Structures are given as structure tokens and as C-alpha cells.
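Each chain is listed here by its residues.
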Amino acid sequence: MKSLFVCLLLALAGQSLAQSQDEFVEYLLEIQYQAEAIHQLMEGTFDNVRFSMSDQLVELNQQLISRMNSALEEVEQIREDTEAFVGESSAPASCVDVAVANWAIEIDWVGQALSRCASRANIQITSRTADVHAALENAQVASTELQNIVVRGFIDWNAIDYTEQISAIVGSQINERYDYFTRITQPALERALQGIFDLDDNLLPEIVTCVERGVERFNNYGRVIRDTLFFCSQ
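Residues numbered from 1 in each chain as written. Predicted model: local features only at pLDDT ≥ 70, side-chain atom pairs only at ≥ 80, totals over all residues. Heavy atoms only, no water.

(A) Structural detail: the overall build of the chain. Along the chain, the regular secondary structure elements total five helices and zero strands. The linear arrangement of helices and strands in the chain, starting from the amino end, is α-α-α-α-α. By the burial criterion, 35% of the 234 residues in the chain qualify as buried. If you sum the accessible surface of the chain, you get close to 13600 Å²; carbon and sulfur atoms cover 53% of it. (Helix = DSSP H or I, 4+ residues; strand = E, 2+ residues; numbered from the N terminus. Buried < 20%, exposed > 50% of the residue type's maximum accessible area, 1.4 Å probe, protein only. Areas by Shrake-Rupley, 256 points an atom, 1.4 Å probe, with all protein chains shown as cover.)

And the structure:
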């Protein structure tokens, strides 16, 4: 915007002004600083949203990965214990064959179950993240429009008789854009970001429950095998 400002100054250099050149430059800089201050506030808000979203997603993913890894360790331990019990069992071969007939299927099933849990988490995280990105893109329009207001104001100076008029026109538009940002755009960003934070309370318990059900079913099947072989051995 600064380079554009210099070009506009050069374009206006030939104008016949009631004020001195220094006064006019000071006036233009005042408008420029007003717009730039609001522009920086907007950009700072965007950065805060991005950082907050990133931090929250990192924390959420760490919790999900931790629970998934724990589940995989539980599944592996159940598998080892069950297969060791089968190998040491004194039950008749026919009984063993019946008891473990679907063991390989159950091992495959629990893997698919945990994969579905992870996919469900990924879908919701992706959806909420997309909401934030969409809100950021809409908010960026306000920042761009603010710069356009200043540019149009300088270009339209030729059609305005008095400095006070351009100050009122451009200044009011800048204030209107700032007011809209604070009332509409920023709350919309915060609502989208809240959707990311809510994943801790909503998504995490749901996925943990999903994982626990898969592990519990696998554990129950292993228990059935052990109980069956123990009964056959008596």
C-alpha cells in the first residue's frame, strides 16, 4: 500500500492546493495511518485465529494418537495372550479348531474397526478446519476492501473540492468497515474457531468410545476362546 501511496502522491503533485505541500502530505498520511492501523488489527486477528486453531488441532491429534496407540497395544497383548493360551491348551484338536475358527477374521475386524474410528475423527476435524478456513477467507475480504477504500478515495480526490470532504468520505468508509468487522466478521471467526475447540468435548469422547468398543469386542472374543478351551480340557 505504501508504494501505491507514493504513486498517488506523484499523480496529485500537479494539483493546485490551498494548503502547503507539507500540509497535504500530512493529511494523506493521516488517512493512510488510520487505515493501516485497522488493517493491522484485522491481520493480527487472522494470525491469532490461525495459531489458536493450529495449537488446538495439535493437542487434539496428540490425544487421539495416544489413545489409538494405547488401543493397538491392548489389541496386540490380547492377541499374544490368547494365542499363547491356545498353544499351551491340552484341549482336543477338534475343540481348538472350532474355538479359533474365526480368530483371523476377528483380528482383521478389530483393525478395520480402529481404522473406521480414525476416519470418523479425520472427517470431523477436516470439516471443522474447513469452516475456519472459509471464515478466514471471508474475513480477508474485509481487509482487502479497507485498502480499496483508501485507493478509491485518493483517486476520487480530483472530483472533490475540499480536503475536509475527502476526509469525511474516506474516514467514514474506513470506520464503517471497522464497525462491520467488529460486529459481524470477527464474531463469525470466533464461532468457527470455537468449533475446533469443541472437538475436545464432543469428538474426543466419541472416538475414545468407538476405539474402546472395538477393543472390547476383540477382548471378549479372546475370552470366549480361552473359556471354551478351558472347558474342553476338563
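Back to the write-up after that little detour.
(B) Region of the structure containing the side chain of Thr-45. With respect to the helices and strands, the residue Thr-45 is situated in helix α2 (residues 21-88). Polar contacts involving the side chain of Thr-45 include one to the main-chain carbonyl oxygen of Leu-41, which spans 3.0 Å. Aside from chain neighbours lying at most four places away, what touches Thr-45 is Phe-181, Gln-186 and Leu-189. (Polar contact = N/O pair within 3.5 Å; in protein donor to acceptor, adjacent residues only side chain to side chain. Contact = heavy atoms within 4.5 Å.)

(C) Inspection of the nonpolar core at higher detail. Residues Ile-174 and Val-211 are the most contacted members of the largest nonpolar core, which totals 50 residues. Secondary structure elements with two or more residues in this core: α2, α3 (93-99), α4 (103-155) and α5 (163-233). Looking at which element gives the most residues to this core, the answer is α5, with 18 residues. Every residue in contact with Ile-174, bar those within four places of it in the chain, is listed here: Ile-31, Gln-34, Ala-35, Ile-38, Leu-146, Ile-149 and Val-150. (Core = buried A, V, L, I, M, F, W, Y, C linked by side-chain atoms within 4.5 Å.)

(D) Region of interest: the packing of aromatic side chains. Throughout the structure, instances matching the rule amount to three aromatic pairs. Aromatic side chains Phe-46 and Phe-181 sit 6.1 Å apart centroid to centroid with 70° between the ring planes, which places their arrangement in the edge-to-face category. Of this pair, Phe-46 sits in helix α2 while Phe-181 is found in helix α5, placing the two residues 135 residues apart along the sequence. Judged by its relative accessible area of 0%, Phe-181 falls in the buried class. Residues Trp-103 and Tyr-221 carry aromatic rings whose centres are separated by 6.2 Å and whose planes lie at 10° to one another, so their mutual orientation is stacked. Placement of Trp-103 in helix α4 and of Tyr-221 in helix α5 is noted, with a sequence separation of 118 residues between them. Here a set of aromatic residues connected by ring pairs shows up, and it is made of Trp-103, Phe-218 and Tyr-221. One cation-aromatic arrangement involves Arg-217 over Trp-109; the distance from NZ or CZ to the ring centre is 3.9 Å. (Phe/Tyr/Trp six-rings, centres within 6.5 Å; stacked < 30°, edge-to-face > 60°. Lys NZ or Arg CZ within 6 Å of the ring centre and 35° of its normal.)

(E) Layout of the side chain of Glu-43. By secondary structure assignment, the location of Glu-43 is in helix α2. Although Glu-43 lies buried, it forms no salt bridge, and the closest oppositely charged side chain, Arg-50, sits 5.3 Å away as judged by the N-O distance. Ignoring any residue separated from it by four or fewer positions in sequence, one finds Glu-43 in contact with Gln-140 and Ser-143. (Lys, Arg positive; Asp, Glu negative; His and termini not counted. Salt bridge = Lys/Arg side-chain N within 4 Å of Asp/Glu carboxyl O.)

Function cannot be read off these values alone, since they describe shape.
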